[in-house]
Amino acid sequence: MAQLTASQRAQRELAPVRLTSEQLAEMRRAFEEELVKGLAMHKKHGLKWVPEECSFRMLDSCVASVPTGDEKGIYYALDFGGTNVRAVRCELLGGGKVKSQQNIKNLAECGGALDLMARDTTASQLFDALVECICELVDNNKEAEYLKRNPTKLGFTFSFPCVQAALNTSVLEAWTKGFATGYNTDEPVVGKDVVTLLTAAINRKGLGVECAAVVNDTVGTLLSCAYQKQPSTPPCLVGAILGTGSNCCYVEPEAAAYGYTGSIINVECGNFNKRLPLTPVDVIVDEKSPNKGQQLFEKMISGFYLGELVRLLTLRIFGDAAPAKVKEEFSLDTKQVSILAAAAVPGTQGSSATTAKCKATIKECWGWEVDDETIKILEDVAFAICDRSAALAAISIAAFSDRTKSLEAGGGLTVAVDGSLYVKNKWYGERIKQYLKDMLGDKASRLVLSAADDGSGKGAAVCVAAVRTA
Ligand code: GLC
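Note that this is a predicted model, so its numbers are computed, not measured.

The helix and strand tally for the chain stands at 16 helices and 13 strands. For the chain, the C-alpha radius of gyration of 22 Å lies close to 23 Å, the compact-globule estimate for 470 residues. Summarising its shape, the C-alpha atoms of the chain cover approximately 75 × 55 × 45 Å along the three principal directions. Within the span of the chain, comprising 470 residues, buried residues form 57% of the whole. Partitioning the intrachain contacts of the chain with sequence separation of at least 6 by distance along the chain shows that 70% fall at a separation of at least 24. With the model as given, the accessible surface of the chain reaches about 19,100 Å², and the carbon-plus-sulfur share is 51%. Between the centroid of the 52 positive side chains of the chain and the centroid of its 56 negative side chains there is a distance of 2 Å.

Here it is, written out as structure tokens:
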């Protein structure tokens, strides 16, 4: 049998990545069924997650009401949950206005010599590094002494699955997104209340802030959008993150009937595991992760994994023709994937400048000087992976939007979206919108996608403010 060309091998590998509308419709049905099961699970078991009953954790955010935009005051926020750590000083001015200052650091920078995600790093080492990020912001504002005399409330966005019995306590159930901090130490994070860990680190530094609320980033994004949005836009009832990880929260119309304290549910839908059309590279990504068998949906969607999926497909397509560097795990990051994918978006005119940029990207990550045919294949691979991510993200947005019952005639809702994949790539958002139109038909016109501007950080501050004025 004649050997296949690289381009033929690419077509063969990409066929299962390109999902048909029938496959998407079937997944959407399964996703919606899972949501119904999840509500029933919460009603029956309360705070306890029973994975055999539902892959979603359906966590109570304990946030009972969406802010009005009138909340005022100065609050601090700490946002931790992926590639960046962010300390934020928010001045809520009322009328939906916020003045904010930030200290953003990537995780590596924040940890210095320590790898904050590693299993040998202890809980106190992690939380000390996080608090240091707040201290720098406080010092920049020369506010340390003032805060000691006038302790200020802090909202903590902690973007991992946590069980909350109240707004100011939050027990980490499991790490996601490649984190393994504390696993090999006698100071774990999993199973602990992150407010206690944060407060201990705050006290070690003698910082005058007090953690008053913990929110997931999806919840923070929803709250921040609800605070800042124009009164003329429809209510914000869904929060989505499409970044290092992926997840959604939504306002459940019958939350109380299902036993919730709050009305916003952090679904943790990244763990969805029904009817997933997993390809061989999805299976490898999962097997190599520290949370094998978990977060399968997230592993097909979010930024932490997209580079690996493209890299593994590249190896399958090019085999030994690819340089050794391609064999190195995590040698391609999401930003680089986005550059490649943007060149293959249908309807875009490829230019020689775009091709040159893509070739330079491949040279940079893999030291590989590629010809025109090879770069075209790599662009197609990156696009197919990102487009599948957009389609799956659309399934979750469509399902939660429908569930709020606000898409009926005369209704409408805003979906707040944060996360670098979405915020930094306009074409990715356009693909999601296209898929939403295919899935929802006319109803899609009643749905507004709103990019949150640092939603997850500001949202925690808004949450603290809303509690104080309640
Ligand atoms: C992961 C976390 C989830 C978070 C999401 C986005 O899925 O488990 O809590 O919302 O990443 O950061």
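Tallying each qualifying case throughout the model produces five cavities of 30 Å³ or more. Each pocket or cavity is described by its volume, and for the largest cavity that value is around 100 Å³. The wall of the largest cavity is formed by 15 residues, among which Ser159, Lys177, Ser246, Asn247 and Glu298 lie closest to the centre. Here the lining of the largest cavity is composed, by residue class, of three nonpolar, eight polar and four charged.

Here we take up the packing of helix H2 (residues 21-45) against helix H13 (residues 372-403). Relative to each other, H2 and H13 sit at 45°, their axes nearing to 10 Å. The angle between H2 and H13 places the two elements in the oblique class. The chirality of how H2 crosses H13 is right-handed. Contacts between H2 and H13 involve Leu24, Met27, Arg28, Phe31, Glu32, Leu35 and Leu39 from the former and Ala391, Leu392, Ile395, Ser396, Ala398, Ala399, Phe400, Asp402 and Arg403 from the latter.

Next up on the list: helix H8 (residues 280-288). Side chains of residues three or four places apart in an α-helix project in the same direction, reflecting 3.6 residues per turn. Those residues of H8 lying buried are Val281, Asp282, Val285 and Asp286. With its buried residues spanning 140° around the axis, H8 presents them on a single face. If you follow the buried residues of H8, they end up packed against helix H9 (296-301), helix H10 (303-318) and H13.

Before going further, it helps to spend a moment on the sheet that holds strand E2 (residues 72-80). As summarised here, the arrangement of the five strands in space is E4-E3-E2-E5-E8, forming an open sheet in which the pairing is mixed. Where the open sheet ends on each side, the last strands, each with one partner, are strand E4 (97-106) and strand E8 (209-215). Averaged over all pairs of adjacent strands, the angle between their axes in this sheet comes to 25°, without regard to strand direction. Bridge analysis of strand E5 (residues 152-158) against E8 gives six bridges, and the strand direction is parallel. In the strand pairing of E8, Leu154 is matched with Cys211. Helix-sheet contacts for helix H7 (residues 217-228) involve strand E3 (84-94), E4, E5 and E8, and the interaxial angle to E8 is about 100°.

As summarised here, the arrangement of the six strands in space is E1-E11-E10-E9-E12-E13, forming an open sheet in which the pairing is mixed. In this open sheet, the two strands that pair with only one neighbour each are strand E1 (59-60) and strand E13 (447-451). Pairing between strand E9 (residues 236-242) and strand E12 (residues 413-418): five bridges, direction parallel. Residue Val238 lies in a different strand from E12, and its bridge partner there is Val415.

All right, on to the side chain of Thr374 then. Tracing the backbone through its elements, the reader meets Thr374 in helix H13. For Thr374, a relative accessible area of 13% translates into the label buried. The residues touching Thr374, leaving out its near neighbours within four places in the chain, are Phe318 and Trp368.

In this section: the nonpolar core. Core analysis: the largest hydrophobic core is formed by 122 residues, its most contacted members being Met58, Tyr428 and Ile432. Broken down by element, this core gets its largest block of residues, 19 residues, from H13. Residues within four places of Met58 in sequence aside, it is in contact with Leu35, Gly38, Leu39, Met41, His42, Tyr250, Tyr260, Ile265, Asn266 and Val267.

All right, on to the packing of helix H4 (residues 123-140) against helix H6 (residues 194-205) then. For any two helices packed against each other, one specifies the crossing angle of their axes together with the interaxial distance. The interhelical angle for the contact between H4 and H6, taken along N-to-C directions, is 60°, at an axis separation of 9 Å. Between H4 and H6, the interaxial angle falls into the category oblique. Considering only the axes of H4 and H6, their crossing is right-handed. Seen from H4, the contacting residues are Ala123, Ser124, Phe127, Asp128, Val131, Glu132 and Cys135; seen from H6, they are Val194, Leu197, Leu198, Ala201, Ile202, Arg204 and Lys205. Its residues assigned to classes, the contact of H4 with H6 comprises nine nonpolar, one polar and four charged.

All right, on to the site of the ligand then. Residues in close proximity to the ligand total 15 residues, the closest being Lys177, Asn216, Asp217, Glu268 and Glu298. Contact distances for the ligand include 3.4 Å between an oxygen atom and a backbone N or O atom of Phe160. Between the ligand and Gln295, the relevant distance is 3.4 Å, taken from an oxygen atom to a side-chain nitrogen or oxygen of the residue. Look at the ligand: alone it shows 310 Å² of surface, and the protein chains cover 98% of it. Judged by the proximity of its atoms to the pocket grid, the ligand belongs to the largest cavity. For the shell around the ligand, the secondary structure elements donating two or more residues are H7 and strand E10 (246-251).

Where E2 lies against E3, nine bridges are found, and the strand directions are antiparallel. Bridged to Ile74 within E3 is Glu91. Connecting E2 to the antiparallel partner E3 that follows it, the hairpin turn spans three residues. The sheet contact formed by E2 and E5 spans five bridges and is parallel. When the bridges of E5 are listed, Phe80 appears paired with Phe158.

Basis of the calculations
Residues numbered from 1 in each chain as written. Predicted model: local features only at pLDDT ≥ 70, side-chain atom pairs only at ≥ 80, totals over all residues. Heavy atoms only, no water. Helix = DSSP H or I, 4+ residues; strand = E, 2+ residues; numbered from the N terminus. Rg over C-alpha atoms; globule rule 2.2 N^0.38 Å. Buried < 20%, exposed > 50% of the residue type's maximum accessible area, 1.4 Å probe, protein only. Contact = heavy atoms within 4.5 Å. Areas by Shrake-Rupley, 256 points an atom, 1.4 Å probe, with all protein chains shown as cover. Lys, Arg positive; Asp, Glu negative; His and termini not counted. Charge placed at Lys NZ, Arg CZ, Asp CG, Glu CD. 1 Å grid on protein atoms, 1.4 Å probe; cavity = no way out; pocket = protein on both sides within 12 Å on 5 of 7 lines; lining within 4 Å. Points joined across faces, edges and corners; volume = space filled by probe spheres on them. Nonpolar A, V, L, I, M, F, W, Y, C, P; charged D, E, K, R; others polar. Axes fitted to C-alpha atoms, helices over the stretch in contact; angles between N-to-C directions. Parallel < 35°, antiparallel > 145°, perpendicular 65-115°, else oblique. Left-handed = near helix turned anticlockwise from the far one by under 90°. Arc of directions from axis to C-beta. Pairing = 2+ DSSP bridges. Core = buried A, V, L, I, M, F, W, Y, C linked by side-chain atoms within 4.5 Å. Near = heavy atom within 4 Å. Polar contact = N/O pair within 3.5 Å; in protein donor to acceptor, adjacent residues only side chain to side chain. Sits in = over half its atoms within 2 Å of the grid points.

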